[in-house]
Number of protein chains: 6
Amino acid sequence: MRLLIANPNATAPVTAACVLLARAAASPSTEVVGWTNQQGPPLVDSWYADYFAGRPLLRGLRAVVPSPDGVVLAGFGNYGTAAVKEALDVPVIAMAEAAMAMAMPLCHRFAIITTAPRMIAYTEELVSAFGFRERCAGVTAVTMPPLGVAAREDALLIELATEVERVRVLSRADLIILGGSRLSPFAEPLRKLTSFTVLEPLACAVQMAESLVRLGIVQTKTGKYAPPPQPFESYE
Amino acid sequence: MRLLIANPNATAPVTAACVLLARAAASPSTEVVGWTNQQGPPLVDSWYADYFAGRPLLRGLRAVVPSPDGVVLAGFGNYGTAAVKEALDVPVIAMAEAAMAMAMPLCHRFAIITTAPRMIAYTEELVSAFGFRERCAGVTAVTMPPLGVAAREDALLIELATEVERVRVLSRADLIILGGSRLSPFAEPLRKLTSFTVLEPLACAVQMAESLVRLGIVQTKTGKYAPPPQPFESYE
Amino acid sequence: MRLLIANPNATAPVTAACVLLARAAASPSTEVVGWTNQQGPPLVDSWYADYFAGRPLLRGLRAVVPSPDGVVLAGFGNYGTAAVKEALDVPVIAMAEAAMAMAMPLCHRFAIITTAPRMIAYTEELVSAFGFRERCAGVTAVTMPPLGVAAREDALLIELATEVERVRVLSRADLIILGGSRLSPFAEPLRKLTSFTVLEPLACAVQMAESLVRLGIVQTKTGKYAPPPQPFESYE
Amino acid sequence: MRLLIANPNATAPVTAACVLLARAAASPSTEVVGWTNQQGPPLVDSWYADYFAGRPLLRGLRAVVPSPDGVVLAGFGNYGTAAVKEALDVPVIAMAEAAMAMAMPLCHRFAIITTAPRMIAYTEELVSAFGFRERCAGVTAVTMPPLGVAAREDALLIELATEVERVRVLSRADLIILGGSRLSPFAEPLRKLTSFTVLEPLACAVQMAESLVRLGIVQTKTGKYAPPPQPFESYE
Amino acid sequence: MRLLIANPNATAPVTAACVLLARAAASPSTEVVGWTNQQGPPLVDSWYADYFAGRPLLRGLRAVVPSPDGVVLAGFGNYGTAAVKEALDVPVIAMAEAAMAMAMPLCHRFAIITTAPRMIAYTEELVSAFGFRERCAGVTAVTMPPLGVAAREDALLIELATEVERVRVLSRADLIILGGSRLSPFAEPLRKLTSFTVLEPLACAVQMAESLVRLGIVQTKTGKYAPPPQPFESYE
Amino acid sequence: MRLLIANPNATAPVTAACVLLARAAASPSTEVVGWTNQQGPPLVDSWYADYFAGRPLLRGLRAVVPSPDGVVLAGFGNYGTAAVKEALDVPVIAMAEAAMAMAMPLCHRFAIITTAPRMIAYTEELVSAFGFRERCAGVTAVTMPPLGVAAREDALLIELATEVERVRVLSRADLIILGGSRLSPFAEPLRKLTSFTVLEPLACAVQMAESLVRLGIVQTKTGKYAPPPQPFESYE
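Residues numbered from 1 in each chain as written. Chains lettered and ligands numbered in written order. Predicted model: local features only at pLDDT ≥ 70, side-chain atom pairs only at ≥ 80, totals over all residues. Heavy atoms only, no water.

(A) Fine view of the overall build of chain A. For chain A, the helix and strand inventory stands at eight helices and eight strands. At 17 Å, chain A has a C-alpha radius of gyration in line with the 18 Å of a compact globule built from 236 residues. Taking all 236 residues of chain A together, 66% fall into the buried category. Here the analysis covers contacts within chain A between residues at least 6 apart in sequence; of these, 70% occur between residues at least 24 apart. Accessible area of chain A: about 7600 Å², with a carbon and sulfur share of 58%. (Helix = DSSP H or I, 4+ residues; strand = E, 2+ residues; numbered from the N terminus. Rg over C-alpha atoms; globule rule 2.2 N^0.38 Å. Buried < 20%, exposed > 50% of the residue type's maximum accessible area, 1.4 Å probe, protein only. Contact = heavy atoms within 4.5 Å. Areas by Shrake-Rupley, 256 points an atom, 1.4 Å probe, with all protein chains shown as cover.)

So, in structure tokens, the structure goes:
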């Protein structure tokens, strides 16, 4: 099967990093293909960026040929996830919903660590929109450096571990979701620093997309995710 | 004061109709200006259309000169409402949230009648996203004709009145919100057919925008609606 | 239009202060009239006081001649808000519900600062009863001096600013509602001390009452707020 | 022990009927005393009547000598239940909260049948205010004749049985609470018509009041139900 | 009447202590009989222990002759409470649900102190399963010594008092439920250390069971708690 | 990898049918092994049966050698799912939670069709306990014949299709979960009768278990699913 790893932002190195992670999480027989939202913003750091990302994401994903067997939206955000599911006939999974769905059977309550304090409200809305508020103990944040500036690994790991501990004490979460693809590389080292289960969302999404493709199941095309009622061209 | 009535879709006659309604609802001293999202879709009839509308809406509203004193988003949808609030420093009100906010002190529970069965799930998500689920008895729909085809007024009125009655019996709603600017012209005749309070959202939004401008209050710019962290140009 | 600013307690200086605030918030053409609940308690500081206020409030407001065009309940409480809406045929708005309704489009979550720790549970019930729990991050309190003792302005402002900061850190609220008419005069100086949006509820209620009067909309008289089933005299 | 059965309305025959029911439900050693809210309304049939009942209820109950060991509020409503709990140092139980508390261990979901369609919204607010929304499948109504007109027993029983059946099918409730003291006499005959568990709230309240008196437990007087902060006289 | 105090675990001294507490809480004419789940685990300290307790509890309680008039499950847990209610035709009350039901009319929000940090998640699930989440401010824990090791009374009391204070400040609870029969003996001394209302669940359950027996009410046998569909023997 | 398909009841033909379904859903390299709870009840048709199933299930699964890489609980129920997760160090997935987790990204709201009206309340509790109430539109039922009596395929299919249609109209669900392993064989023919997405839970659970094994993720063993605090033998 062929999975498209769609980076909603325009930053190619993020796509490349995501493809590596996805490749490591995918089954050997799965072909992993990266895709960059070249007309999108460099980073989805606000609702403003989210809606700037959505339109070219939709147009771009519809144009991919040959059509992949499944699509993973490789960012911890929205940018029109529901619209992509309407537009495509193959399974579409956003990495945030995959991580939360997979967390459900694993814990009492999960916490999400996002990449900037500014994104906490945005992420809480995401949790609600995807229907997982019941088990979300809270959203917290570390502070990633600006794009292009490498995070000092040691300092960021300590910051992550501190947040994990704070979340454990304050909100009794017992599982952590890393809320942003730029945090994904820190999953493995963070697991060594903490006894908590840490979910890396891209891996969750790759597995869930593979599952759906294998089972021949797609988002409900006769209900919420029915195709838009007009011909696609008419929306542009 | 100068209020911009921003039509999220590209259909100019809808803008014109909205301006008429807004003009009738506004205070005499308020200047009402229409704006059409010319790169947007003809109609917001899906999540797909919603995200197609968002990007040109954001870019367009930022470019309006002179800047208005307040902005009313004249459609019963989302298309990046939060993003517009981040981008602008003046009060921004979507007509759906204005209607629901105004309904709260007026009823036990409200129901929303939207323009197509396909938009029920979309509208339920909107109710949740804007935080009004607690008092929403449900969302129902009539079936509007395609754009450009005039609705047969009599038939549509009967359909609306039937839905109002169904909603009263089944969900014990005691207030109706018309969920779409194309339904707004039917508010007045519908009120004659039913003893229910019927809210026409555009009027609610104009009033609420005027209130915010008068009180000098704007969406919280140090919290959820802080400006995007990067210069605006960098998102394009 | 003529708005009645109904003070639910018997303390005339509070009425006078409220009229000044309402006057400042109202449109120039609006006539603002104060009304004091002379058989009510000096202050609504408990559920006990709330129910002592309700009966004379109802009898008194029904007797006002000429009938005003709208009524603002100028206290951050309940004292039979629903009963007043049943009894009158003109729009009735309690200042708490107006502030919360107006906060909805402006923030991620609001916090309320009330006038005494004893009123926190009371106010949380109010938030629930008015249907706004979804977006309320919490209720907190300062400690107002007893009636008749002037608050030391500096000390109270510092106390308010401290609560604002505490609320920001602990509950991630990004908008503050001042929960009591005695706190209303501090809205303006508080705004100078904090970057938060601060809502003064009386101004919100005046604006919302004006809106309803202009639009000719009243609480639903065929549903929840139908007139009591017996002649008014029979209840006494 | 001495229990006061406080009828919130002014209709003495209702008090007498309640005393009979309470007497039948109480332990042999319990003294049951009736009390009528003589300045209250003839019937609590609206929020308006509720607040008219509250003030004389509070003043009257405080004046009862000798003080009873526990107080049962013998109406399916609010009329300042929280205020009575603030004012008195003995256990106070409203019959609605007693019935709902007792229903919790007995069923999957309960339904309430109230005495008039007009009281459905009122009763739903009561369920929320008392904290039992989680397990309430819904509120429905029969139509009682006006006060003074005897209900035709046969017809009312059939109406009750019909509602029970409707509730079973539509909302999957598996326990019925009779929501009004005028319905209490129908509990026994209704049980013969249906296999459902039917709770008569006054009996529940008498039992719960006895339990609290025996255990020496009272509503929390250092928290929500602390005495009002001023001397009682000062509220009048 | 004859009440069975069923200890879900196999530790006879716990049964004995429960019988003493129940005897003190019961009416003089009530016969209190202890029962130990001899094939159960020594202590219910996990979900694992919970399900180990359930099967012999069910088989054992069905075999008790003569059948008691009511059954109190004397542990702060689940171990098949719903299954016992299905199996028996007499009222069955778990002490956790009795305490929570009785707390509802007494407070704004209750907190539960359980016997081990490990049991917090378990107890939060219990609160949800029994339908009382609305008013539960949170669950916290002290650390009981292992079975057979006597708790140092002074130290445990101080630990309990500290938790009560922490809960008051952090979660605004105003009533405490002791969440485990091993904590029950500390209710009385704890009440001397704090002004809070402290509920001892076994006493609540005894009172509620007596109430149900007196009123002739049993868990709904035509709904959720209908007998299992097959003959009892066929399940073994 | 080796997956254990654990049938919580004692009926070997059900195990065999589940193994076939699991084998069809599993990856080619996965070894699928069936396991029957021989001391369990013939069918889990009540809470009573649920707790009868739990104890031998726990003891039996701990004793399986060699230990599998993951365990699928092949029934649409609870029977100590949390306890199994405590007891084992490998991923454990109940088929109900897998189906609901997988449904989340696929639909607006899902409905569950269970095997008997008696199981509706049980299943609704299951939805709550697993944390998926937010998106569950409701639970409904068909009527399966007793164990050992073959379902008449045509009649059952028609009954299923009728329920699907009813659920679509009444609750606006847009995805169906078959709530019971005896219904699993009907998934495929049902899909031919309806345009709805139909989830067969066993396939979902097999896929999710494979995902967890591949990613090396297990239920949180330092939080909710920590091992029981005492040696396993001590619970018996």
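(B) Inspection of the interface of chain A and chain B at higher detail. Taken together, the 40 residues of chain A in the interface contact 40 residues of chain B. Of the roughly 3300 Å² buried where chain A meets chain B, counting both sides, 61% is carbon and sulfur surface. In this assembly, chain A and chain B are joined by four salt bridges. Of the charged contacts, one joins Glu-86 of chain A and Arg-118 of chain B as a salt bridge, the two residues approaching to 3.1 Å between their closest N and O atoms. Where the side of chain A that touches chain B is concerned, the elements lending two or more residues are α2 (47-63), α3 (81-87) and α5 (119-129) of chain A. For the side of chain A that touches chain B, a count of residues per class yields 21 nonpolar, eight polar and eleven charged. (Buried area = accessible area lost by both parts, 1.4 Å probe. Salt bridge = Lys/Arg side-chain N within 4 Å of Asp/Glu carboxyl O. Nonpolar A, V, L, I, M, F, W, Y, C, P; charged D, E, K, R; others polar.)

(C) Examining unusual backbone geometry more closely. All names here are of chain B. Following Val-65, the chain continues into Pro-66 via a peptide bond in cis, with omega recorded as -10°. Relative to the helices and strands, Pro-66 is located in the loop between α2 (47-63) and β3 (70-73). At Tyr-79, a position not held by glycine, the phi torsion is positive, near 35°. Along the polypeptide, Tyr-79 turns up in the loop between β3 and α3 (81-87). The exposure class of Tyr-79 is buried, given its relative accessible area of 1%.

(D) Summary view of the relation of the copies chain A and chain B. The transform that puts chain A on chain B rotates by 180° and translates by 0.0 Å along the axis, for an RMSD of 0.0 Å. The operation mapping one copy onto its partner corresponds to a two-fold rotation axis. Most of the interface of chain A is mirrored in chain B, where 100% of its interface residues again form contacts. (Least-squares fit on C-alpha atoms with pLDDT ≥ 70 in both.)

(E) Just the pattern of salt bridges, in detail. Within the structure shown, the criterion is met by 72 salt bridges over all chains. With a closest N to O distance of 2.5 Å, Arg-168 of chain C and Glu-165 of chain C form a salt bridge. You can see Arg-168 of chain C and its partner Glu-165 of chain C sitting in helix α6 (residues 153-171), three residues apart, about one turn around the helix. The closest approach of N and O atoms between Lys-221 of chain D and Asp-89 of chain D, which form a salt bridge, is 3.9 Å. With Lys-221 of chain D in the segment after α8 (201-215) and Asp-89 of chain D in the loop between α3 (81-87) and β4 (92-94), this residue pair connects regions lying 132 residues apart in the sequence. For Asp-89 of chain D, a relative accessible area of 60% corresponds to the exposed category.

(F) Examining the side chain of Lys-224 of chain D more closely. Checked against the element boundaries, Lys-224 of chain D lands in the segment after α8. A distance of 2.6 Å separates a polar atom in the side chain of Lys-224 of chain D from a polar atom in the side chain of Glu-125 of chain C. Among all residues touching Lys-224 of chain D, those that are not within four sequence positions of it are Arg-118, Ala-121 and Glu-125 of chain C, Glu-86 of chain D together with Cys-107, His-108 and Asp-174 of chain E. (Polar contact = N/O pair within 3.5 Å; in protein donor to acceptor, adjacent residues only side chain to side chain.)

(G) Main features of helix α4 (residues 95-103) of chain B. Most of α4 of chain B sits out of view: nine of its nine residues are buried. What α4 of chain B keeps buried is the set Met-95, Ala-96, Glu-97, Ala-98, Ala-99, Met-100, Ala-101, Met-102 and Ala-103 of chain B.

(H) View of the sheet that holds strand β3 (residues 70-73) of chain A. All names here are of chain A. Strand order in this open sheet of four strands is β2-β1-β3-β4, and the pairing throughout is parallel. One side of each edge strand has no neighbouring strand; the edge strands of this open sheet are β2 (31-36) and β4 (92-94). This sheet shows a mean twist of 20° between the axes of neighbouring strands, independent of strand direction. Of the pairings in the sheet, the one linking strand β1 (residues 2-7) to β3 comprises four bridges and is parallel in character. Opposite Ile-5, over in β3, you have Val-72 as the bridge partner. (Pairing = 2+ DSSP bridges. Axes fitted to C-alpha atoms, helices over the stretch in contact; angles between N-to-C directions.)

(I) Spotlight on the relation of the copies chain C and chain D. Between the two copies, chain C and chain D, the superposition gives an RMSD of 0.0 Å; the rotation angle is 180° and the shift along the axis is 0.0 Å. Mapped onto chain D, 100% of the interface residues of chain C are again interface residues, and the two copies thus contact each other with one and the same surface.

(J) Broad picture of the sheet that holds strand β5 (residues 110-114) of chain B. All names here are of chain B. Pairing within the open sheet is parallel, and its four strands lie in the order β6-β5-β7-β8. Each end of this open sheet is capped by a strand with a single partner; those strands are β6 (136-141) and β8 (197-199). In this sheet, neighbouring strand axes are inclined to one another by 25° on average, regardless of whether the strands run parallel or antiparallel. Bridge count for β5 against strand β7 (residues 175-179) is five bridges, and the pairing is parallel. Residue Phe-110 lies in a different strand from β7, and its bridge partner there is Leu-175. Sitting on the sheet, α4 touches β5, β7 and β8, and the angle it makes with β7 is about 175°.

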